[in-house]
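# Overview (structure and organization)
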Amino acid sequence: MNWLKPDRRTLLRGMAALPGIGVLMPATASAAAARLSGKNRDVISELKIRSFINAAGTYTSLTASMMPRPVWDAMTVASTKFCPLQDLHDAVGKRIAELTKAEAALVSAGAASALAIGTAGVLAGTDREKIQQLPDTRGMKNEVIVQKSHRNGYDHAVRNAGIRMVEVETAAELESAIHSRTAMMFFLQAANNRGQIGYEEFAKLGKKHNIPTMIDAAADVPPVSNLWRFQQAGFDLVIFSGGKGIKGPQSAGLLLGRKDLIEAGRMNSSPNSNSLGRISKVNKEELVGMMVAVEMFVNRDHEATWKDWENQCNRIAGFTKGVPGIKSEIKVPELANMVPHLHLDWDHAAVGKTPGDVVKELREGTPSIEVRPGSAKNFVIAVWMLEPGEYRTVGRRLGQVLKG
Ligand SMILES: *Cc1c(COP(=O)(O)O)cnc(C)c1O
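Note that the structure is a prediction, hence the values are computed from the model and not measured.

## Overview of the overall build of the protein chain
A tally of regular secondary structure across the protein chain gives 16 helices and 12 strands. Computed over the C-alpha atoms, the radius of gyration of the protein chain is 23 Å, within 12% of the 22 Å expected from 2.2 N^0.38 for a compact globule of 404 residues. Dimensions of the protein chain along its principal axes, counting C-alpha atoms only, are 65 × 55 × 35 Å. Evaluated residue by residue, the protein chain yields a buried proportion of 54% over its 404 residues. Considering only intrachain contacts with a sequence separation of at least 6, the fraction spanning at least 24 residues in the protein chain is 72%. For the protein chain, the separation between the mean place of its 51 positive charges and that of its 41 negative charges on side chains is 3 Å.

## Details of the sheet that holds strand S4 (residues 164-168)
Taken in spatial order, the seven strands of this open sheet run S2-S8-S7-S6-S5-S3-S4, and their pairing is mixed. Here the strands that pair on one side only, and so sit at the sheet edges, are strand S2 (104-108) and S4. Adjacent strand axes in the sheet meet at a mean angle of 25° when their direction is disregarded. Docked against the sheet, helix H9 (residues 199-209) engages strand S3 (143-147), strand S5 (182-188) and strand S6 (213-216), running at close to 170° with respect to S5.

## Quick look at the site of the ligand
Surrounding the ligand, one finds 12 residues, the nearest of these being Ala111, Ala112, Asp216, Ser241 and Lys244. Within the contact set of the ligand, an oxygen atom lies 2.9 Å away from a backbone nitrogen or oxygen of Ala112. Within the side chain of Lys244, a nitrogen or oxygen atom sits 2.8 Å from an oxygen atom of the ligand. Notes on the ligand: free accessible area 380 Å², of which the protein chains cover 90%. With three residues, helix H5 (residues 110-124) is the single largest residue contributor to the shell around the ligand. Of the residues contributing to the shell around the ligand, the split by class is seven nonpolar, three polar and two charged.

## A look at the packing of helix H15 (residues 355-364) against helix H16 (residues 390-403)
Viewed as axis vectors pointing N to C, H15 and H16 meet at an angle of 130°, and their least axial separation amounts to 10 Å. Of the possible angle classes, the one that applies to H15 and H16 is oblique. The element H15 and its partner H16 pack so that their crossing is right-handed. Of the residues in H16, those in contact with Val358, Glu361 and Leu362 of H15 are Arg397, Leu398, Val401 and Leu402. When grouped by side-chain class, the residues that make up the contact of H15 with H16 number five nonpolar, no polar and two charged.

## Comments concerning the side chain of Asp220
Relative to the elements of secondary structure, Asp220 occurs in the loop between S6 and helix H10 (226-232). Arg229 is the oppositely charged side chain nearest to the buried, salt-bridge-free Asp220, at an N-O distance of 7.3 Å. In contact with Asp220, not counting residues within four places along its chain, are Gln189, Ala190, Asn226, Leu335, Ala336 and Met338.

## Section: the sheet that holds strand S9 (residues 326-331)
Spatial ordering of the open sheet is given by S9-S10-S12, a layout of three strands whose pairing is antiparallel. Looking at strand neighbours, the two that pair on one side only are S9 and strand S12 (378-382), the edges of this open sheet. With direction set aside, neighbouring strand axes in the sheet form an average angle of 25°. Bridge count for strand S10 (residues 341-346) against S12 is five bridges, and the pairing is antiparallel. Paired with Leu344 across the strands is Phe379, a residue of S12. H15 contacts S10 and S12 of the sheet and is inclined by roughly 35° relative to S12. Sheet strands touched by H16: S9, S10 and S12. Its angle to S12, the strand with the most contacts, is close to 165°.

## Let's talk about the pattern of salt bridges
Using the criterion set out here, one finds 20 salt bridges in the structure. Between Asp136 and Arg138 there is a salt bridge whose closest N-O contact spans 2.6 Å. The exposure class assigned to Asp136 is partly exposed, which follows from its relative accessible area of 27%. Note on Arg138: relative accessible area 66%, which makes it exposed. For Glu143, the salt bridge identified is with Arg164, shortest N-O distance 3.1 Å.

## Some thoughts on the packing of helix H13 (residues 302-318) against H16
Relative orientation of the contacting elements H13 and H16 amounts to 25°, with a least axis distance of 8 Å. In terms of axis orientation, H13 runs roughly parallel to H16. Viewed along their axes, H13 and H16 form a crossing whose handedness is right-handed. Where H13 abuts H16, its residues Gln312, Arg315 and Ile316 lie against Tyr391, Arg392, Val394, Gly395 and Leu398. The residue makeup of the contact of H13 with H16, split by class, is four nonpolar, two polar and two charged.

## A closer look at the pairing of S5
Within S5, seven of the seven residues are buried, leaving the element largely enclosed by the surrounding structure. For S3 and S5, the ladder comprises four bridges, and the chain directions are parallel. Within the sheet, the bridge partner assigned to Val144 lies in S5 and is Met184. With H9 bridging S5 and its parallel neighbour S6, the resulting β-α-β unit is right-handed.

What counts, and at which threshold
- Residues numbered from 1 in each chain as written.
- Predicted model: local features only at pLDDT ≥ 70, side-chain atom pairs only at ≥ 80, totals over all residues.
- Heavy atoms only, no water.
- Helix = DSSP H or I, 4+ residues; strand = E, 2+ residues; numbered from the N terminus.
- Rg over C-alpha atoms; globule rule 2.2 N^0.38 Å.
- Buried < 20%, exposed > 50% of the residue type's maximum accessible area, 1.4 Å probe, protein only.
- Contact = heavy atoms within 4.5 Å.
- Lys, Arg positive; Asp, Glu negative; His and termini not counted.
- Charge placed at Lys NZ, Arg CZ, Asp CG, Glu CD.
- Pairing = 2+ DSSP bridges.
- Axes fitted to C-alpha atoms, helices over the stretch in contact; angles between N-to-C directions.
- Near = heavy atom within 4 Å.
- Polar contact = N/O pair within 3.5 Å; in protein donor to acceptor, adjacent residues only side chain to side chain.
- Areas by Shrake-Rupley, 256 points an atom, 1.4 Å probe, with all protein chains shown as cover.
- Nonpolar A, V, L, I, M, F, W, Y, C, P; charged D, E, K, R; others polar.
- Parallel < 35°, antiparallel > 145°, perpendicular 65-115°, else oblique.
- Left-handed = near helix turned anticlockwise from the far one by under 90°.
- Salt bridge = Lys/Arg side-chain N within 4 Å of Asp/Glu carboxyl O.
- Right-handed = clockwise from strand over helix to strand, strands pointing away.

Read these as layout, nothing more, since geometry by itself doesn't imply function.
What follows is the structure in structure tokens.
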């Protein structure tokens, strides 16, 4: 499944506005080095694993995002204390629910785990026998209705609970697919433009037929308002990745929504031994880390951050000025990863290299730089996972590789 669909909403920014911007940006030479004290053991270097500047974005296989310092500080402190895990779960869930304007919340082991335990909670509720029986759904409702265009690799996690997906295309088909075995309706926000039923209508249909609705919005923050937008539209369960835009622990996620369903989700997961979700344990470090990350994300100056991202795109574009055959443009994806990205479009004859050549040279250079894999005609730079000042290194290397 390709999450890097071509961007539909295109924000053209005049590159003429270049000189003079970027004064907001700190001039850290090596942001990663500055985070470390000399005493810290660098296992990644010890093991000779390549590390790189992340101009690609929040890819799990590239370790996605980096936690801000207060997040890992809180995790470090938590790691020195024993505590009753369920009490911590309760307290962290309560605080995250307040921050996200949710009725209730739980921290899961990634968005994928939230999909599975949220579904298990819908099927088995808080009934101990049913909880232990899953993923065997005999005697339970076990069909989940989904738009055909919303099927995706991550919905394997929903199927983990033992359900069967029932695919529909129109609202009429959806309504006639509902019957006594219908357990839930599932929506993928990244596919909102691909199906015939938009998210608001979908949530309303769930309400109309009294069927719980779940939305996977894993990569759909920022904007911060999305943390409550889908709940306010009527979804009973809303899912976000913890380690993407929110910059929490990579192994954490959020399940937000109806109090009874969150309670059921908790019952269907770790630390309860005989439960479907016992395979996706969340410990105190992820719990506190996720809470601090959500606090920081909600309280961030979102406008200033956005301007900073645009400035970084513009500054990097500046290094490609004067290279024949390269056209740069800032685009914001309409769904998922909705932040400014720098697109570099290609005239191969003029440049003499393919985007693939440049991606490879950036990766193999020093320092190594990962960008978003492009097509034959372009590639894309994501600035939102860059550490302060790294945009300069990216721009400089890009200029060298394109001109060299
Ligand atoms: C990334 C992603 C997931 C998985 O998120 P994790 O937090 O890595 O488990 C699920 N659904 C969608 C749409 C995603 O983009």
